[in-house]
Amino acid sequence: MRRLCVALGAIALAVSAFAAEIPPSDRRSGYDFMSRETRAMQDDDTANPGMLSVLEGGTLWTRKAGGAGKACADCHGDARTSMKGVAARHPSFDAARGRPVNLEQRINACRVDRQGTPPLAYESRELLALSAYVARQSRGRPIEIAVDARTQPFLDAGRATFHRRQGQLNLSCSQCHDDQWGRSLAGNTIPQAHPTGYPIYRLEWQAVGSLQRRLRNCFVGLRAEAYEYGAPELVDLELFLMWRARGMTFEAPAVRP
Amino acid sequence: MRLAAAVVAAWLTVGVAQAADSIPQSLTGAKGDPARGRTIVTNRHVGLCLLCHSGPFPEERFQGTLAPDLKGAGTRWSEGQLRLRIVDSSRINPATIMPAYHRTEGLVRVAPAWRGKPVLTAEQIEDVVAFLMTLKD
């Protein structure tokens, strides 16, 4: 009996020291941890506040802008076909920059390079609207992140950030999201941190926000220095999280508590 | 010479006791205040304890389920053992998720507002320990 306990203890220690990846059959979207009311709000397009942002994005999609006098639609046509699955495979490698870029950066690249307009600021109403509109076209599609020799180092960097203890509270993301998911952190159920629905409408914000905003919230919770919006470290973390959620169903615009 | 050896021996014993399982001496040299300790423990932004722990706090609606219930902590542990667990739980369990409440070294990317500061001051640690000692089964 004593022996068994020691052995079990050793196993428990080993597990917590080297947080194992969540097996595919156990992976759950944040949606699955929400109350019935919040799920109903996400499911009903007329009740989901994120849909207002999608609608606004649809208007911006066809609005001509910049020196080139071109709208997104002039080059990309009907987003329902041209943008299908696009958000579900971002961040993706951008040859010109030599690194992965997220959806917001991809949209801003088109604004600057193709439309000749200044980039939109992170969390600006317009950038959220355009990314919500593009993301909406991936709803129901599986997350597909292509990993090759070019993206591997960035994926590894994101993974390292996820597993590094940080902040005054000295916790890693993995210690909560791989090891403690489903348990209650002062009444909030800890989800698995799969970015299946961004941009989201978050009840706590009473607003739509990007994945980077959500990530920065968790850094602040650890009393860690949060990376600036658009920082390569955050994009690498996004890449890792999307890869970690590969195969899961994309559900933007999601609602979260 | 004899005296010096005795002092070294005493220091070593304290050191060993501390490394083993306990910090027997008060960090401030004084006893803490259990009433203030209770306020710290139940405050989500100061003690943070109820993020992870539950405890005998009927007025607190939201408590954590990541850690043992604090009820009976003063029976299970001595004052020195509690002090060590609050000061730096990782000295007992390196893989622990419980933050080290009175340590500033070995931390990474601490936000500027908290840099160089422990989560709780020595006085606050003593208050928390004094309060936990009142949690008898």
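Residues numbered from 1 in each chain as written. Chains lettered and ligands numbered in written order. Predicted model: local features only at pLDDT ≥ 70, side-chain atom pairs only at ≥ 80, totals over all residues. Heavy atoms only, no water.

A. The arrangement of the interface of chain B and chain A in detail. Between chain B and chain A, the residue contacts involve 29 residues of the former and 24 residues of the latter. Taken together, the two surfaces of chain B and chain A that pack against each other cover about 2,200 Å², and 55% of this comes from carbon and sulfur. At the boundary of chain B and chain A, one finds one salt bridge. Close ionic contact of Arg115(B) with Glu225(A) constitutes a salt bridge, the shortest N to O distance being 3.3 Å. Applying the counting rule to chain B against chain A returns 13 residue pairs in polar contact (both at pLDDT 80 or more). Along the lines of polarity and charge, the residues of the side of chain B that touches chain A split into 18 nonpolar, six polar and five charged. (Contact = heavy atoms within 4.5 Å. Buried area = accessible area lost by both parts, 1.4 Å probe. Salt bridge = Lys/Arg side-chain N within 4 Å of Asp/Glu carboxyl O. Polar contact = N/O pair within 3.5 Å; in protein donor to acceptor, adjacent residues only side chain to side chain. Nonpolar A, V, L, I, M, F, W, Y, C, P; charged D, E, K, R; others polar.)

B. Here's a closer look at the sheet that holds strand 6 (residues 207-209) of chain A. Residue and element names in this part refer to chain A. Pairing within the open sheet is mixed, and its three strands lie in the order 6-5-7. Pairing within the sheet leaves two strands with one partner each, and these edge strands are strand 6 and strand 7 (255-256). Bridging between strand 5 (residues 200-202) and strand 7 involves two bridges; their strand directions are parallel. Bridged to Arg202 within strand 7 is Arg256. On the sheet, helix 10 (residues 211-221) packs against strand 5 and strand 6 and is oriented at approximately 90 degrees with respect to strand 6. (Pairing = 2+ DSSP bridges. Helix = DSSP H or I, 4+ residues; strand = E, 2+ residues; numbered from the N terminus. Axes fitted to C-alpha atoms, helices over the stretch in contact; angles between N-to-C directions.)

C. Summary view of the side chain of Arg244(A). Within the secondary structure, Arg244(A) is located in helix 11 (residues 232-244). Polar contacts involving the side chain of Arg244(A) include one to the main-chain carbonyl oxygen of Gln192(A), which spans 2.8 Å.

D. Representation of empty space enclosed by the protein. Residues and elements named next belong to chain A. Evaluated as defined, the whole model comprises one cavity of 30 Å³ or more. Looking at the largest cavity, it is lined by 16 residues, and the ones nearest its centre are Ala87, Leu103, Glu104, Tyr198 and Glu238. Elements with a contribution of two residues or more to the lining of the largest cavity: helix 6 (103-115), helix 7 (125-136) and helix 11. Taken together, the residues that form the lining of the largest cavity break down as 10 nonpolar, four polar and two charged. Counting contributing residues, the lining of the largest cavity receives three or more from each of domain 1 (2-44 + 147-256) and domain 2 (51-136). (1 Å grid on protein atoms, 1.4 Å probe; cavity = no way out; pocket = protein on both sides within 12 Å on 5 of 7 lines; lining within 4 Å. Points joined across faces, edges and corners; volume = space filled by probe spheres on them. Domains from an automatic or database assignment.)

E. Layout of unusual backbone geometry. Residue and element names in this part refer to chain A. Residues Tyr198 and Pro199 are joined by a peptide bond in cis, for which omega reads -5 degrees. Relative to the helices and strands, Pro199 resides in the loop between strand 4 (188-189) and strand 5. The peptide bond linking Ala252 to Pro253 adopts the cis configuration, its omega dihedral lying at -5 degrees. Along the chain, Pro253 turns up in the loop between helix 11 and strand 7. Backbone geometry places Glu123, a non-glycine residue, at a positive phi of 65 degrees. Mapped onto the elements, Glu123 comes out in the loop between helix 6 and helix 7. For Arg223, which is not glycine, the phi torsion reads 60 degrees and is therefore positive.

F. A look at the packing of helix 3 (residues 50-61) of chain A against helix 7 of chain A. Residue and element names in this part refer to chain A. Between helix 3 and helix 7, the shortest axis-to-axis distance is 7 Å and the interhelical angle comes to 95 degrees. For the element pair helix 3 / helix 7, the angle class is roughly perpendicular. Residue-level inspection shows Met51, Ser53, Val54, Glu56, Gly57, Gly58, Leu60 and Trp61 of helix 3 in contact with helix 7, the latter providing Arg125, Glu126, Leu128, Ala129, Leu130, Ala132, Tyr133, Val134 and Arg136. Of the residues belonging to the contact of helix 3 with helix 7, the class tally is 10 nonpolar, three polar and four charged. (Parallel < 35°, antiparallel > 145°, perpendicular 65-115°, else oblique.)

G. Local environment of the packing of aromatic side chains. Residues and elements named next belong to chain A. Summed over the entire model, instances satisfying the criterion amount to seven aromatic pairs over all chains. With centroids separated by 6.1 Å and ring planes inclined at 65 degrees, the aromatic side chains of Phe33 and Trp181 adopt a geometry described as edge-to-face. Of the two residues, Phe33 sits in the loop between helix 1 (2-17) and helix 2 (36-43) while Trp181 sits in the loop between helix 9 (173-177) and strand 3 (184-185), which places them 148 residues apart along the sequence. Here Phe33 falls in the partly exposed class, since its relative accessible area comes to 23%. Their ring planes at 20 degrees and their centres at 5.4 Å tell us that Tyr122 and Tyr229 sit as a pair that is stacked. (Phe/Tyr/Trp six-rings, centres within 6.5 Å; stacked < 30°, edge-to-face > 60°. Buried < 20%, exposed > 50% of the residue type's maximum accessible area, 1.4 Å probe, protein only.)

H. Molecular detail of the domain arrangement of chain A. Residue and element names in this part refer to chain A. Split by domain assignment, chain A resolves into domain 1 (2-44 + 147-256) and domain 2 (51-136). Here the C-alpha centre of domain 2 lies 25 Å away from the C-alpha centre of domain 1. Domain 1 puts 21 residues into the contact, and the matching count from domain 2 is 22 residues. Around 1,700 Å² of area is buried between domain 1 and domain 2 when both sides are counted, 71% of it from carbon and sulfur atoms. Counting across the domain 1 and domain 2 interface gives one salt bridge.

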